[in-house]
Amino acid sequence: MSRDLDGESAVDTARQEVLRLISTGELQPGQRLGSERELASRMGVSRTTLRTALGLLEQVGTVRRVPGRGGGTFVSGTKVERDLSSVVGVPDLLREQGFTAGSRVVRATIAGSDEPTAAALGIQPGDLVTEIVRIRFADGVPLSLEQARFPAMRFPGLLEQPLGGSVYELLAGQYGVRPAAALERIEAVSAGEEEAAVLGVEPGVPVLAITRTTSDEQGVPFEFSQDVFRGDRTRILVHVSGATGTTHSAREQGRLVRFPDERPKD
């Protein structure tokens, strides 16, 4: 019995030491903890005890463990907050919250639209769309995988433009098109193997799948996007309207995300 208690005590000691290193700033968000051998030796515990302590910290989101070569245990970063009361590109969203934004273009091509894309954009199936697939980073750590499609006829030469930054800023500057409203559907799903590999998480962990249709100031849709955000790095903020109408903060923003009304008709 005492051996079990000693084991529990050792695990708690290791857990508290990792928390201390984080709270004092010796370990920063996104930083790799180092090898298990080094940490266990430093704390005076076995590697098995350390693994148990790190497992407990991973469960509550304090650390995250990335498998494979180049992986390891990392201090979890602050969560990125997505405010659904405004239509903002990911780079602006990150900069506003003090993150360093980054992106990598995975694929950029012109292809025929499938039926969901055509329906969202108000075009015919098979009409050409420009598809841009990118990985978004916050402080150098993968945050989301986005697959955005735009009507190719409306944005000629889009593939010739720099696509690493904000596409919304690019569309506004080059084509005079600005986002005014978006319809977003958000669903918690399990990460597939490819998504997990891109985002640096284990297959099967919860991620946020966001399907978005963005419209311009005339109400014409110009973007259909399917994004996957890491659940451990993303928090959703929703402004709820009361009986008198929209909230004060939403009124100030002046741009609302519209959700479909699924209430039964009288």
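Each value, and the rule that gives it
- Residues numbered from 1 in each chain as written.
- Predicted model: local features only at pLDDT ≥ 70, side-chain atom pairs only at ≥ 80, totals over all residues.
- Heavy atoms only, no water.
- Helix = DSSP H or I, 4+ residues; strand = E, 2+ residues; numbered from the N terminus.
- Buried < 20%, exposed > 50% of the residue type's maximum accessible area, 1.4 Å probe, protein only.
- Contact = heavy atoms within 4.5 Å.
- Areas by Shrake-Rupley, 256 points an atom, 1.4 Å probe, with all protein chains shown as cover.
- Salt bridge = Lys/Arg side-chain N within 4 Å of Asp/Glu carboxyl O.
- Pairing = 2+ DSSP bridges.
- Axes fitted to C-alpha atoms, helices over the stretch in contact; angles between N-to-C directions.
- Arc of directions from axis to C-beta.
- Core = buried A, V, L, I, M, F, W, Y, C linked by side-chain atoms within 4.5 Å.
- Phe/Tyr/Trp six-rings, centres within 6.5 Å; stacked < 30°, edge-to-face > 60°.
- Lys NZ or Arg CZ within 6 Å of the ring centre and 35° of its normal.
- Parallel < 35°, antiparallel > 145°, perpendicular 65-115°, else oblique.
- Nonpolar A, V, L, I, M, F, W, Y, C, P; charged D, E, K, R; others polar.

Novice: Which residues make up the overall build of the chain, and what values go with them?
Specialist: Per the secondary structure count, the chain includes 8 helices and 10 strands. Counting only residues that meet the buried cut, the chain has 40% of its 266 residues in that class. When contacts within the chain are restricted to residue pairs at least 6 apart in sequence, long-range pairs at least 24 apart make up 58% of them. Only carbon and sulfur atoms are counted for the fraction: they give 50% of the accessible area of the chain, which is about 14600 Å².

Novice: Explain the pattern of salt bridges residue by residue, including any values.
Specialist: Taken as a whole and judged by the stated rule, the model has 17 salt bridges. Across the pair Arg-107 and Glu-131 runs a salt bridge whose closest N-O atoms are separated by 3.0 Å. Of this pair, Arg-107 sits in strand S4 (residues 101–112) while Glu-131 sits in strand S5 (residues 128–138), placing them 24 residues apart in sequence. Residue classification places Arg-107 among the partly exposed positions, given a relative accessible area of 37%. Through salt bridges with shared partners, one network takes in Arg-82, Glu-184, Arg-212, Glu-223 and Asp-227.

Novice: Can you tell me about the sheet that holds strand S9 (residues 221–230), naming the residues and giving the values?
Specialist: If you trace the 6 strands from one edge of the open sheet to the other, you get S4-S5-S6-S9-S8-S7, paired in antiparallel fashion. Two strands lie at the open edges of the sheet, namely S4 and strand S7 (181–190), each paired on one side alone. Strand-to-strand twist in this sheet, taken as the mean axis angle between neighbours without regard to direction, amounts to 15 degrees. The pairing of S4 with S5 spans 11 bridges and is antiparallel.

Novice: Just give me the short version of the environment of Glu-184, but keep the residues and values in it.
Specialist: Relative to the helices and strands, Glu-184 resides in strand S7. Linking Glu-184 and Ala-209, residues 25 residues apart in sequence, is a C-alpha distance of 10.0 Å.

Novice: Describe helix H2 (residues 36–43), naming the residues involved and giving the relevant values.
Specialist: Those residues of H2 that fall on the buried side of the exposure criterion are Leu-39, Ala-40 and Met-43. Relative to the axis of H2, the buried residues are bounded by an arc of 95 degrees and lie together on one face. More than 90 degrees from the buried face of H2, the exposed residues found are Arg-37, Glu-38, Ser-41 and Arg-42.

Novice: I'd like a rundown of the pairing of strand S3 (residues 80–83), residues and numbers included.
Specialist: Each regular strand carries side chains that alternate between the two faces of the sheet. Alternating positions in S3 separate cleanly, Val-80 and Arg-82 being buried on one face and Glu-81 and Asp-83 remaining unburied on the opposite face. As paired elements, S3 and strand S10 (residues 234–237) share 4 bridges and run parallel to each other. Residue pairing for S10: Arg-82 is matched across the bridge by Ile-236.

Novice: Requested: an account of the nonpolar core, with residues and values cited.
Specialist: Within soluble globular proteins, side chains that are nonpolar tend to cluster in buried spots. Counting 16 residues, the largest nonpolar core has Val-18, Leu-33, Met-43, Val-45, Leu-50 and Leu-54 as the members making the most contacts within it. Counting only elements with at least two residues in this core, the list comes to helix H1 (2–23), H2 and helix H3 (47–59). Aside from chain neighbours lying at most four places away, what touches Leu-50 is Glu-36, Leu-39, Ala-40, Met-43 and Val-45. Val-87, Leu-158, Tyr-168 and Ala-182 belong to the second largest nonpolar core, which has 14 residues in total.

Novice: Requested: an account of the packing of aromatic side chains, with residues and values cited.
Specialist: Applying the stated rule across the entire model yields 4 aromatic pairs. With 6.3 Å between their ring centres and 90 degrees between their planes, Phe-150 and Phe-155 make a pair best called edge-to-face. Phe-155 shares its class with Phe-150; the two are buried. Relative to Phe-222, the ring of Tyr-168 has its centre 6.3 Å away and its plane inclined at 75 degrees; by these criteria the two rings are edge-to-face. In this pair, Tyr-168 sits in helix H6 (residues 167–175) while Phe-222 sits in strand S9, placing the two residues 54 residues apart along the sequence. We classify Tyr-168 as buried; its relative accessible area is 11%. Among the aromatic residues, those joined into a ring-pair cluster are Phe-150, Phe-155, Tyr-168, Tyr-175 and Phe-222. If you follow Arg-82 out to its NZ or CZ, it ends over the ring of Phe-229, 5.1 Å from the centre.

Novice: Lay out the packing of H2 against H3 with the relevant residues and their values.
Specialist: Two packed helices can be described by the angle between their axes and the distance between those axes. One way to put it is that H2 packs onto H3 with a least axis distance of 9 Å and a crossing angle of 100 degrees. When the axes of H2 and H3 are compared, the pair comes out roughly perpendicular. Contact with H2, carried on its side by Glu-36, Arg-37, Leu-39, Ala-40 and Met-43, involves Arg-47, Leu-50 and Arg-51 of H3 and no other residues of that element. A per-class count over the contact of H2 with H3 returns 4 nonpolar, no polar and 4 charged.

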